Number of protein chains: 2
Amino acid sequence: MRATLIYGAGDVRVEDVPDPKIQQPTDAVVRVLRSCICGSDLWPYKSRPATEQGERIGHEFLGVVEDVGSDVSGLKNGDLVVAPFVWSDNTCDFCAEGLHTSCRHGGWWAADGVDGGQGEAVRVPQAQGTLVKLPVAEDSALLPSLLTLSDVFCTGHHSAVTAGVDPRTTVTVVGDGAVGLSAVLAARRLGAERIILMGRHKDRTDLGRDFGATDVVPERGEEGIERVRELTGGDGTHTVLECVGTLPALQMSLGVVRAGGTVSRVGAPQYDDVPLGFQEFMNNITLTGGVAPARAYIDELLPDVLEGKVEPGRVFDRTVGLDDVPAGYRAMDDREALKVLIRP
Amino acid sequence: MRATLIYGAGDVRVEDVPDPKIQQPTDAVVRVLRSCICGSDLWPYKSRPATEQGERIGHEFLGVVEDVGSDVSGLKNGDLVVAPFVWSDNTCDFCAEGLHTSCRHGGWWAADGVDGGQGEAVRVPQAQGTLVKLPVAEDSALLPSLLTLSDVFCTGHHSAVTAGVDPRTTVTVVGDGAVGLSAVLAARRLGAERIILMGRHKDRTDLGRDFGATDVVPERGEEGIERVRELTGGDGTHTVLECVGTLPALQMSLGVVRAGGTVSRVGAPQYDDVPLGFQEFMNNITLTGGVAPARAYIDELLPDVLEGKVEPGRVFDRTVGLDDVPAGYRAMDDREALKVLIRP
């Protein structure tokens, strides 16, 4: 089959790789119907050292079950399923607590001999715990929104949930990428009535307004902080959803959070230390969030997607075939595309 | 009257100061029955630059109302009251949320013309919002425990509450000072069944065991982390209550927290940055806590103190008169005393 490999910064290739086969009785094989490129894929795309041997990439996909191992129950060939971006047994103590990203028997796509999502098919370890059945047909118009359950919508939801967003909390979302917009959508879905979106790409912030943002602040840094303070009577917002991952974005988040408030970060941190010193201590600021246990949220979010109450798939603004995945990376890296859907 | 002033590192004096008088209609004057020295008083005692003019110090006291302003209701001369370590109106939006430390009309003892607690009497701003009546007599044996409601027991409680301690969570308490021991007591009171106390002063950790600690780890740093990991099957504990305030204590806290867990810090931070990078993000670690809004907790904790269900006053292991306050500072700084009670 064909799949995507990354060889170094700016060097993504689609190549022939071995067809996936059941290796463990807990495996399944899924033919990929839709995959996509994640903002976090852009970090290696920007900075990975070049190597002779490429490595598989991609961690978001939905598709059709083509084979199941002997220990897998509840799944059969032909089932349409979505995979969260971490595979997990869904039975260990961490999974039971909703922290599937720390599953005792789980792991990551495109690592340790496991396929990446940006290919024609994937061997899925711990298939019974990992895959969630989708009651739709292969040609469903809902596929893009359903695909966001693998990562981006669940990640936005994770930021809103861990920050404690509810109808009484004001919200700032830092970042107008696909995760930031998903966070807006998730915050609105949880009842937030005041959502300030910090971003400066008008086409993106316009979608943010559609998703529920009540205010858009294009300014950054101190100026951005001042603007959010102005909008909130000097106080800042109860919750801040940090959806970028850079230190300046985090500093801005800490600058706009209200005393007693919470910053939830879901952008993979490109920093080692967080400026949480005496002032933040005196203001009782909480920092939470982390990598999203998407599997924990799919059951809750799926009905709203199926009923069309939310349309997180609107973050996809470009679709490519598998051969055009390298062009898709370029488009996202150049900010020509917000998020690229792959149709292998 | 006589009151304590600090002039510089190691230089605490008891001197004559003006008698407190009602200045605002919202003031009261309280004659101090008991005060004490806080671990946080030791920071200026260790490092304050010397000045010609001293400044008042002390923020924990209980006493008897001697005068009330015309706008104060619910309090009268002769009432025995405890003051939390921040004064507040108890009516603004922050106070309504239980964040009295951010009160819009509140402030700090021993600052901006307000008396410190380590003296014979105190003018109390926002008296109606600040003071809590205690239904005991001046000679009650409960006074030491009731005094801990002004700060140390509420601070331990704040760490346990913000960390989310409950009967299902395992707990590590970092630090065997008065705050750490209070955190043990608070965690036990909230139902925690496994409480690991990290501390190496046997007399203090013995009291910690009385308060509910199930394990004591005297090791520090990497060795201490390893020991707690061993005690918890390699996982660490769901919650960590950081009761010291130094970077090594915080690093140790982050080293022993379980994936998905929470570190709550109530030791005033002697650092600017927190090492919360990629690994902590992948483990979904939360950092919370901050300066404790003691006023928010007194109503809840008072009944248990009055009924003797908890005896937080056991952290006091020395009592001095006002003239011996300088000796009290020395004793605490030399770790000869855990916490010093002052009887003016």
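Treat the numbers as computed from the prediction; the structure is a model and nothing was measured. (Residues numbered from 1 in each chain as written. Chains lettered and ligands numbered in written order. Predicted model: local features only at pLDDT ≥ 70, side-chain atom pairs only at ≥ 80, totals over all residues. Heavy atoms only, no water.)

(A) Focus on the overall build of chain A. Looking only at helices and strands, chain A features 12 helices and 18 strands. Considering only C-alpha atoms, chain A reaches an extent of 60 × 40 × 35 Å along its principal axes. Taken over 344 residues, chain A has a buried fraction of 61%. Expressed as a percentage of contacts within chain A between residues at least 6 apart in sequence, the contacts between residues at least 24 apart total 68%. Carbon and sulfur atoms provide 45% of the accessible area of chain A, an area that totals close to 12900 Å². (Helix = DSSP H or I, 4+ residues; strand = E, 2+ residues; numbered from the N terminus. Buried < 20%, exposed > 50% of the residue type's maximum accessible area, 1.4 Å probe, protein only. Contact = heavy atoms within 4.5 Å. Areas by Shrake-Rupley, 256 points an atom, 1.4 Å probe, with all protein chains shown as cover.)

(B) Broad picture of the interface of chain B and chain A. Listed by partner, the interface residues are 39 residues for chain B and 39 residues for chain A. Buried surface at the junction of chain B and chain A, both sides included, amounts to about 3000 Å², of which 50% is carbon and sulfur. Where A:Asp93 meets B:Arg258, a salt bridge forms, and the shortest distance between an N and an O atom there is 3.3 Å. Viewed at the interface, chain A and chain B are joined by 22 residue pairs in polar contact (both at pLDDT 80 or more). Counting only elements with at least two residues in the side of chain B that touches chain A, the list comes to helix H2 (93–96), strand E15 (257–265), helix H10 (278–282) and strand E16 (286–289) of chain B. Considering only residue class, the side of chain B that touches chain A consists of 17 nonpolar, 13 polar and nine charged. (Buried area = accessible area lost by both parts, 1.4 Å probe. Salt bridge = Lys/Arg side-chain N within 4 Å of Asp/Glu carboxyl O. Polar contact = N/O pair within 3.5 Å; in protein donor to acceptor, adjacent residues only side chain to side chain. Nonpolar A, V, L, I, M, F, W, Y, C, P; charged D, E, K, R; others polar.)

(C) Expanded view of the environment of A:Arg48. Residue and element names in this part refer to chain A. Position of arginine 48 among the secondary structure elements: in the loop between helix H1 (42–47) and strand E4 (55–56). Through-space distance from the C-alpha of arginine 48 to that of alanine 9 is 4.8 Å; in sequence the pair is 39 residues apart. Not counting chain neighbours up to four residues away, the residues in contact with arginine 48 comprise Ile6, Tyr7, Gly8, Ala9, Trp43, Gln53 and Glu55. A polar side-chain atom of arginine 48 sits 2.8 Å from the main-chain carbonyl oxygen of tyrosine 7.

(D) Spatial organisation of the side chain of B:Thr288. Assignment of secondary structure puts B:Thr288 in strand E16. By relative accessible area, which is 6% here, B:Thr288 ends up buried. Contacts of B:Thr288, omitting those with residues within four sequence positions, involve A:Ile285, A:Thr286, B:Thr162, B:Ala163, B:Thr262, B:Val263, B:Ser264 and B:Arg265.

These figures come from the coordinates and say nothing about function on their own.
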